[in-house]
Amino acid sequence: MLMPSLDTSIANAGLPTLARAFAADFQAVQWIVLAYLLVITTLIVSVGRLGDLFGRRRLLMAGIGLFTLASLLCGIAPTLWLLVAARAAQGLGAATMLALTVAFVGETVPKARTGSAMGLLGTMSAIGTTLGPSLGGLLISGFGWRTIFLVNVPLGILNLLLARRHLPADRREPQKHRAGFDLLGTLLLALTLAAYALAMTTGRGDFGPRNLALLSAAVLGAGLFVLAEAKAASPLIRLAMFRNPLLSASLAMNVIVATVIMSTFVVGPFYLSRALGLTPVQVGLVLSIGPIISAVSGVLAGRIVDRAGAPFMVMVGLVEMATGALALALLPAPFGIAGYIAGIAILSPGYQLFQAANGTVVMTDIEPDQRGVISGMLSLSRNLGLITGASVLGAVFAAAAATTDITTASPEAVAIGLRITFIVAAMLIVAALALAIASRVAATRLARVS
């Protein structure tokens, strides 16, 4: 979990250096980040399903090996586009690692400790995301940009040794009992997710003709995917799974919560620099507070989930997140940076509590042959929320600040944009809380009927 999370953020620190190294503009070097994220988003469900069909340990080790080899290729790439291609390969390895690591929780951890395991994974994800920019800056300044990718090679080798030694061997099923792989569904889902992700990430909140065309393609692709899955003999995603109100609600809530958490990374830097006048170093320090709190609180959140029960703690986490979003909307105006930090200090542990509890709800009591695809869907829903949050809440922030260029907006306009954005964020969390309550009521009724 640490390695793919680290590489989500470590490359961002190197973009200015990479632009100079390859004499490229920002639009070109941003594909170093986008290629990695796009491949993870489009293929994470498919690799989860492949793990279910052909063995999770075997595929996970192949993913770690691919990630490690691709990191080496990134580090020696002579041109920008070879680097982008290697990053795409790295993204495929990362998708495998993210999906199957979560799937192994249900296979290797007792049910009574599932929350603790999910909390630990949340902590490792937060540590990777937090460590990325600072480690990247340190490596670039001391040893050059290539080391931000080469650092993964010894980590990957260590990961392979640990996986080989400690993960349980795959159970071999007779070939005649093994389900087929849904190639058409995989292709349609990948194209649909790619169209949506490109519409969200290249639009920067400004939906022009190209982005509207991509969104239309995503809607069409989603419809074709549903039709294909309804007719497939061995579908990539069993549509009947969505009749389970807890699973459907958990995935929807994950999208909403990730959308909200992304707003802190989109809105925070502009507010801290434009409205409060902080230096870039100070902005970086303040922005690191949330991930640090998440890293510290992840394991504790998991233990609380095990003791108090996952469904109840989902709602507690959402209430805490709604409180944090309201604090971010209301406290910075009278208290400045202290008010902003107070809001983050409420929001971040609430997010970790929700993640641990929601992951436990999803990964408990599912069929063994569906663990990979469902863990992939859980990771996918988070990625879609992050992508959506960067675009949609970024657009809300710009509209609330009444400007087309947020970098030149007045401090007062930026403060208003912050307030309105986090009021919208709080409303989204309240909607997720209503969804949690409704899903519990629906699940209880289904249990009584059955």
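A. Region of the structure containing the overall build of the protein. The helix and strand tally for the protein stands at 18 helices and 0 strands. Computed over C-alpha atoms, the radius of gyration of the protein comes to 21 Å, within 12% of the 22 Å expected from 2.2 N^0.38 for 450 residues, which places it in the range of a compact globule. Scored against the burial criterion, the 450 residues of the protein give a buried share of 50%. If you take every contact in the protein between residues at least 6 apart in sequence, the share linking residues at least 24 apart comes to 81%. With the model as given, the accessible surface of the protein reaches about 19,800 Å², and the carbon-plus-sulfur share is 70%. Between the mean site of the 29 positive side-chain charges and the mean site of the 16 negative ones, the protein shows a separation of 5 Å.

B. Highlighting helix H10 (residues 209-231). Here H10 spans 33 Å end to end across 23 residues, near enough to the 33 Å set by a 1.5 Å rise per residue. Along H10, the residues that are buried comprise Asn211, Ala218, Gly221, Phe225, Ala228 and Glu229.

C. Focus on unusual backbone geometry. Phi is positive for alanine 23, which is not a glycine, with a value near 50 degrees. Relative to the assigned elements, alanine 23 resides in the loop between helix H1 (2-21) and helix H2 (26-29).

D. Spatial organisation of the pattern of salt bridges. Inspection of the entire model under this criterion finds 1 salt bridge. We note a salt bridge from arginine 87 to aspartate 7, for which the minimum N-O separation is 3.4 Å. With arginine 87 in helix H5 (residues 80-108) and aspartate 7 in helix H1, the pair connects residues that are 80 residues apart, well separated along the chain. Each member of the pair arginine 87 and aspartate 7 is classed as buried.

E. Main features of the nonpolar core. Grouped together as the largest cluster of nonpolar side chains are 45 residues, with contacts concentrated most on Met253, Val314, Leu318, Met321 and Tyr340. Of all elements in the fold, only helix H11 (245-275), helix H12 (280-287), helix H13 (289-308), helix H14 (310-330), helix H16 (337-363), helix H17 (371-400) and helix H18 (411-449) reach the threshold of two or more residues within this core. Apart from residues lying up to four places away in sequence, methionine 321 is in contact with Val257, Val260, Ile261, Leu347, Gly350, Tyr351 and Ile429. Residues Met1, Leu100, Ile237 and Leu247 belong to the second largest nonpolar core, which totals 43 residues.

F. Representation of the packing of aromatic side chains within the structure. Inspection of the entire model under this criterion finds 4 aromatic pairs. Considering the side-chain rings of tryptophan 145 and phenylalanine 149, the 6.3 Å spacing of their centres and the 80 degrees angle between planes classify their relative orientation as edge-to-face. The same class applies to tryptophan 145 and to phenylalanine 149, which are both buried. Seen in terms of ring centroids, tyrosine 271 and tyrosine 340 are 5.9 Å apart; in terms of plane orientation they differ by 20 degrees. Their pairing is stacked. Pair noted here: tyrosine 271 is in helix H11 and tyrosine 340 is in helix H16, with a separation of 69 residues, a long-range link. Comparing tyrosine 271 with tyrosine 340, the two get one shared label, buried. Grouped by ring-pair contacts, the aromatic residues Phe22, Trp145 and Phe149 constitute a single cluster. The ring of tyrosine 36 carries the charged tip of arginine 87 above its face, separated from the ring centre by 4.3 Å.

G. Highlighting the confidence of the model for the protein. A residue-level look at the protein finds 95% of positions with pLDDT of 70 or above and a mean pLDDT of 85. Taken element by element, the predicted model of the protein shows its lowest mean pLDDT in H2 (74) and its highest in H14 (94).

H. Spotlight on the side chain of serine 348. Note on placement: serine 348 falls in helix H16. Residue classification places serine 348 among the buried positions, given a relative accessible area of 5%. Separated by 3.5 Å, the side chain of serine 348 and the backbone oxygen of glycine 290 make a polar contact. Non-local contacts of serine 348, meaning those with residues more than four positions away in its chain, are made with Gly290, Ile293 and Ser294.

What counts, and at which threshold
Residues numbered from 1 in each chain as written. Predicted model: local features only at pLDDT ≥ 70, side-chain atom pairs only at ≥ 80, totals over all residues. Heavy atoms only, no water. Helix = DSSP H or I, 4+ residues; strand = E, 2+ residues; numbered from the N terminus. Rg over C-alpha atoms; globule rule 2.2 N^0.38 Å. Buried < 20%, exposed > 50% of the residue type's maximum accessible area, 1.4 Å probe, protein only. Contact = heavy atoms within 4.5 Å. Areas by Shrake-Rupley, 256 points an atom, 1.4 Å probe, with all protein chains shown as cover. Lys, Arg positive; Asp, Glu negative; His and termini not counted. Charge placed at Lys NZ, Arg CZ, Asp CG, Glu CD. Expected span 1.5 Å × (residues − 1). Salt bridge = Lys/Arg side-chain N within 4 Å of Asp/Glu carboxyl O. Core = buried A, V, L, I, M, F, W, Y, C linked by side-chain atoms within 4.5 Å. Phe/Tyr/Trp six-rings, centres within 6.5 Å; stacked < 30°, edge-to-face > 60°. Lys NZ or Arg CZ within 6 Å of the ring centre and 35° of its normal. pLDDT = per-residue confidence, 0-100. Polar contact = N/O pair within 3.5 Å; in protein donor to acceptor, adjacent residues only side chain to side chain.

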